[in-house]
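Per-entry structural report
Now for the letters of each chain:
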Amino acid sequence: MGLDYKSAGVDIEAGYRSVQLMKRAVKSTMREEVLGGIGGFSGAFDLKKIKQMDDPVLLSGTDGVGTKIKLAFLMDKHDTVGIDCVAMCVNDVVCAGGEPLFFLDYIACGKNIPEKIASIVSGVAEGCRQADSALVGGETAEHPGLMPEDEYDLAGFSVGVVEKKDMITGDTITPGDVLIGVASTGVHSNGFSLVRKVFDVNEENLKVYYPELGTTLGECLLTPTRIYVHAMKEIKAAGVTVKGCSHVTGGGFYENIPRMLPNGTVACIKKNSYPIPPIFPLIQKTGNIDEKMMYNTFNMGIGLCLAVDAKDVDTVLAALEKSGDKGYVIGEVRSYADVPDADFGGNTDPQSAKGVKLEEA
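What this report covers is the structure whose coordinates are included nearby. (Residues numbered from 1 in each chain as written. Predicted model: local features only at pLDDT ≥ 70, side-chain atom pairs only at ≥ 80, totals over all residues. Heavy atoms only, no water.)

Along its 17 residues, helix H5 (residues 114–130) runs 24 Å from first to last C-alpha, staying within 8% of the 24 Å computed at 1.5 Å per residue. Listed in full, the buried residues belonging to H5 are Pro 114, Lys 116, Ile 117, Ala 118, Ile 120, Val 121, Gly 123, Val 124, Ala 125, Gly 127 and Cys 128. Trailing H5 by a residue or two, Asp 132 shows a phi angle of about 50°, which is positive. (Helix = DSSP H or I, 4+ residues; strand = E, 2+ residues; numbered from the N terminus. Expected span 1.5 Å × (residues − 1). Buried < 20%, exposed > 50% of the residue type's maximum accessible area, 1.4 Å probe, protein only.)

Dropping the structure here:
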């Protein structure tokens with residue numbers, strides 16, 4: 001008997017079964033603009049509504065879940081990392097003021113186990129539902145000999161749209177604007193290489209119950225990334241113009257918050273202005289990690305940071321409450337001249353420097 005694809009390690013029939021198992025989950029994400037169904041060579045999305053916009057701008061974001069996925073392997077729990085994948089992409093799109101429209105995922109695996117693939121995609125579909133975004137396509141690629149049979153990687157791609165006049169660029173941020181932090185659900189999807197080292201993560205350690213967490217370490221760490229699409233929609237519906245928005249991901253406060261600032265400004269943040277989830281003090285204590293490194297690696301309980309006019313603060317906080325999110329006034333924007341001792345990442349040019357300063361209350 002001659003060689004075939006299956007004997008080379010790729011099971012085409014398993015691929016067919018994976019598609020059948022995921023169809024219901026994918027169908028649950030459909031928007032009226034989606035044309036056709038799952039199984040085509042490309043996803044089709046009707047632009048009729050976009051054509052009605054005055055000056056539409058397409059926004060896109062792509063990302064993965066990083067080494068957090070290792071926890072899914074160890075816990076044999078695969079239905080939440082898809083939410084993380086969607087979140088990492090759509091949260092970047094909403095930072096520019098966009099509405100995510102559709103999403104595609106890519107799964108690379110050592111061996112296609114249909115039930116596992118369907119579980120992963122069920123998480124992607126849940127993330128898409130939370131983001132009001134259609135899952136219009138994806139790819140599952142079997143890589144025998146390149147990846148271990150029980151492992152996979154997951155990445156995604158989001159496309160959104162915004163009226164050009166409604167784009168959030170940070171250009172209008174001025175000293176005196178207020179910084180509002182929107183609560184995270186924990187570590188989200190960044191810093192897991194450090195987390196895994198701190199806790200020497202293995203199957204046994206993930207089952208350890210921590211009273212301060214109220215759950216096991218594994219359950220806490222695998223909590224999905226919060227999706228902020230509805231939060232930003234509620235703020236917009238309330239009539240507020242958000243001046244700047246930062247998705248606090250890898251690089252924490254120090255790398256991400258300055259990305260929304262105009263040159264010559266500083267984000268001054270009060271460290272004790274909001275409750276820090278207990279997982280972060282646990283990480284810091286267990287790993288004996290310097291405080292600055294914590295804020296330079298993790299979101300520290302703030303998944304999204306907004307810059308708004310002081311007059312809009314109460315409206316924003318009420319809108320966040322309506323969306324099921326929790327917002328906190330965590331600081332304000334100041335000029336470089338007023339905070340020369342801030343962290344500017346080595347740039348000391350008052351015309352172009354922008355940075356962060358963490359302060360006590």
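Once you've had a look at it, read on.
A separate point is the sheet that holds strand E10 (residues 244–247). Within the open sheet, the six strands sit side by side as E10-E12-E7-E13-E11-E14. Their pairing is mixed. The sheet terminates laterally at E10 and strand E14 (354–359), the two strands that pair on one side only. Mean inter-strand twist for the sheet, computed between neighbouring axes without regard to direction, equals 25°. Where strand E11 (residues 265–270) lies against strand E13 (residues 327–335), five bridges are found, and the strand directions are antiparallel. From the neighbouring strand, Ala 267 faces E13, where its bridge partner is Val 333. (Pairing = 2+ DSSP bridges. Axes fitted to C-alpha atoms, helices over the stretch in contact; angles between N-to-C directions.)

With eight bridges joining them, strand E4 (residues 99–109) and strand E5 (residues 134–142) adopt parallel strand pairing. Pairing of Phe 103 across the sheet is with Leu 135, part of E5. In this region the chain leaves E4, passes through H5 and returns to the parallel neighbour E5; the handedness of that crossover is right-handed. (Right-handed = clockwise from strand over helix to strand, strands pointing away.)

The subject of this paragraph is the sheet that holds strand E6 (residues 152–163). Pairing is mixed in the open sheet, where four strands are placed in the order E3-E6-E4-E5. The two strands at the open ends of the sheet, each matched to only one other strand, are strand E3 (56–64) and E5. On average, each strand axis in the sheet is inclined to that of its neighbour by 15°, with strand direction left out of account. In this structure, E4 lies alongside E6, joined through ten bridges in antiparallel fashion. Residue Leu 104 lies in a different strand from E6, and its bridge partner there is Phe 157. Seen against the sheet, helix H4 (residues 81–95) touches E3, E4 and E6 and runs at an angle of roughly 30° to E6. (Contact = heavy atoms within 4.5 Å.)

This part covers the environment of Val 159. Position of Val 159 relative to the elements: it lies in strand E6. Residues Val 159 and Ser 133 lie 26 residues apart in sequence; the distance between their C-alpha atoms is 9.0 Å. Aside from chain neighbours lying at most four places away, what touches Val 159 is Leu 58, Leu 59, Ser 60, Glu 99, Pro 100, Leu 101 and Phe 102.

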